[in-house]
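Chains, contacts and geometry: an overview
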Amino acid sequence: MTSIILLSVLGIVNLFLGFLRSNRMLLPVAMIILVVVFGANAYDWNSASQSYFNNMLTIDRYSVAFTGIVVLTTVLLLPFSQKYVRDDEANLAEYYSLLLFSLVGAIMMVSYENLLMLFVGIEILSISMYVLAGSDKRNVRSNEAALKYFLMGSFATGILLFGIALVYGATGAFYVSQIGEAVANPANASMQPMLYIGLLMMLIGVGFKVSAAPFHFWTPDVYEGTPTFFAAFMSTVVKAAGFAAFLKLLVQAFPAAQNFWIPTIIAMCVLTLLIGNVGAVAQNSVKRMLAYSSISHAGYLMIGLVAFNGALSGLSANGIFFYSLAYSIATVAAFGVLKLVSDQRQREDYTALNGLARTNPLLAFVMTVAMLSLAGIPLTGGFFGKFFLFGAAIDKGYIGLVVFAVVMSMVGIYYYLRPVIAMYMRPAEADATEPVAVGTFQAVVLVVLALLTVLLGILPGIFTGVL
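Everything quoted here is computed from the prediction, not taken from an experiment.

1. Quick word on the packing of aromatic side chains
- All chains considered together, the criterion is met by 22 aromatic pairs.
- Ring geometry for Tyr149 and Trp218: centres 4.8 Å apart, planes at 10°, overall stacked. One end of the pair, Tyr149, is in helix H7 (residues 140–171); the other, Trp218, is in helix H10 (residues 218–225), and 69 residues separate them in sequence. Neither residue differs from the other here; Tyr149 and Trp218 are each classed as buried.
- Judged by centre distance (5.0 Å) and plane angle (55°), the rings of Trp261 and Phe308 are tilted. With a gap of 47 residues between them, Trp261 in helix H12 (residues 258–281) and Phe308 in the loop between helix H13 (286–306) and helix H14 (314–345) connect regions that are remote in the sequence.
- Since its relative accessible area comes to 0%, Trp261 is described here as buried.
- Classification of Phe308 by relative accessible area gives buried; the value is 6%.

2. Some points on the environment of Leu271
- In this structure, Leu271 sits in helix H12.
- It is 9.3 Å that separates the C-alpha atoms of Leu271 and Ser296, two residues lying 25 residues apart in sequence.
- Aside from chain neighbours lying at most four places away, what touches Leu271 is Ala213 and Pro214.

3. Quick look at helix H16 (residues 361–375)
- An ideal rise of 1.5 Å per residue puts 21 Å on 15 residues; H16 measures up with 21 Å between its terminal C-alpha atoms.
- Taking burial as the measure, the 15 residues of H16 include 11 buried ones, the bulk of the element.
- Taken residue by residue, H16 has Leu363, Ala364, Val366, Met367, Thr368, Val369, Ala370, Met371, Ser373, Leu374 and Ala375 as its buried positions.
- The secondary structure elements touched by the buried residues of H16 are H13, H14, helix H15 (356–359), helix H17 (381–395), helix H18 (399–425) and helix H19 (440–458).
- Gly376 sits one or two positions beyond H16 and adopts a positive phi of about 85°.

What counts, and where the lines are drawn
- Residues numbered from 1 in each chain as written.
- Predicted model: local features only at pLDDT ≥ 70, side-chain atom pairs only at ≥ 80, totals over all residues.
- Heavy atoms only, no water.
- Phe/Tyr/Trp six-rings, centres within 6.5 Å; stacked < 30°, edge-to-face > 60°.
- Helix = DSSP H or I, 4+ residues; strand = E, 2+ residues; numbered from the N terminus.
- Buried < 20%, exposed > 50% of the residue type's maximum accessible area, 1.4 Å probe, protein only.
- Contact = heavy atoms within 4.5 Å.
- Expected span 1.5 Å × (residues − 1).

Keep in mind these numbers describe shape, not what the thing actually does.
Shown next, in the form of structure tokens:
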């Protein structure tokens, strides 16, 4: 709760900093705010579970863990905002404040106990992202991205809200624990058709937010048009919060209906893995490849939903936590390098990375580590993320699903190695022989991201068993 209050108040304060003539202090202030919030969240780690707003929000170890992921990810992302916001200083304070407000929504999504609070959290996060997606007013693609995201997001929100209404009609409750009791009560069997329709609509609404197929169509175009910094935020923070909310919804509200929703999630998982990986192979733009990569990783995370054990702990919950952390760190590194390169070379295709190992060895190394982690290669966090999720699924008997996921991972190796080949084995273009400018702070953050990725791959035990 402390994190929500701090982000809300300081986000408003940050808006007033926009009246200052100099915007140089806005980035340091935003960093300090997030570090304070991260510390306040860590302070709640060993505290007893506490409920707020008539038990609509609960701060427990589960919410603290995923809040830590989204706040840490944002802290690591902020240094890469410098070039973009320097070009649009008039709106700099608004951008940072919208990021802080979106984090409020993300924290509400991982802490909710009432479906209405889940809806409010999704809306706070989504509305901020609609604005940020179209923040590059000079780019037609950015305007198109914002419009597509807003229109399709509005439909998804309406479907989600309709689903919540039907679930309430079938169970008479908004609280996830009360819904779970009502669904398990044999006396409510006559309400199953309404319940199942409502649950299906909720799966569609949340599936849109995490880019799960077949509700993924917005992702490539929106990512491509959205400024790279905000696309990275969308790919990490939104997805981590979305899956934390997804797992909580299924585990606490609908465990008694698993015979209905598990086949649905399996079908979505297979389709998401297939479309994400095959779609990424066909891309010539690194940014669109990362968009399809984001879709494919939603498929891997859905394996953790299928392997749930009826509690917000154990193999599946810890697997989703570890995978979200490893994926977020690697994705921040990949988008960070891409942003630095595209800012100077004015392109986002694979040729923009040609010869990067000669001009910028650090950028090439960090990008390589990120690609290897996203591909699930050993000694990186991505390998153990998949290992934990696949292990949880095998423990539940979903061997066929795991075999299919492994095959899709092999497909992923192809498109994740394309940037590595471009950086190390292709000569730089004639207009791209100058080294990419990298600030000292950005270089330090890139090194930290690479070290964290390797640390997760060498000492995964430090981060397992958290939940």
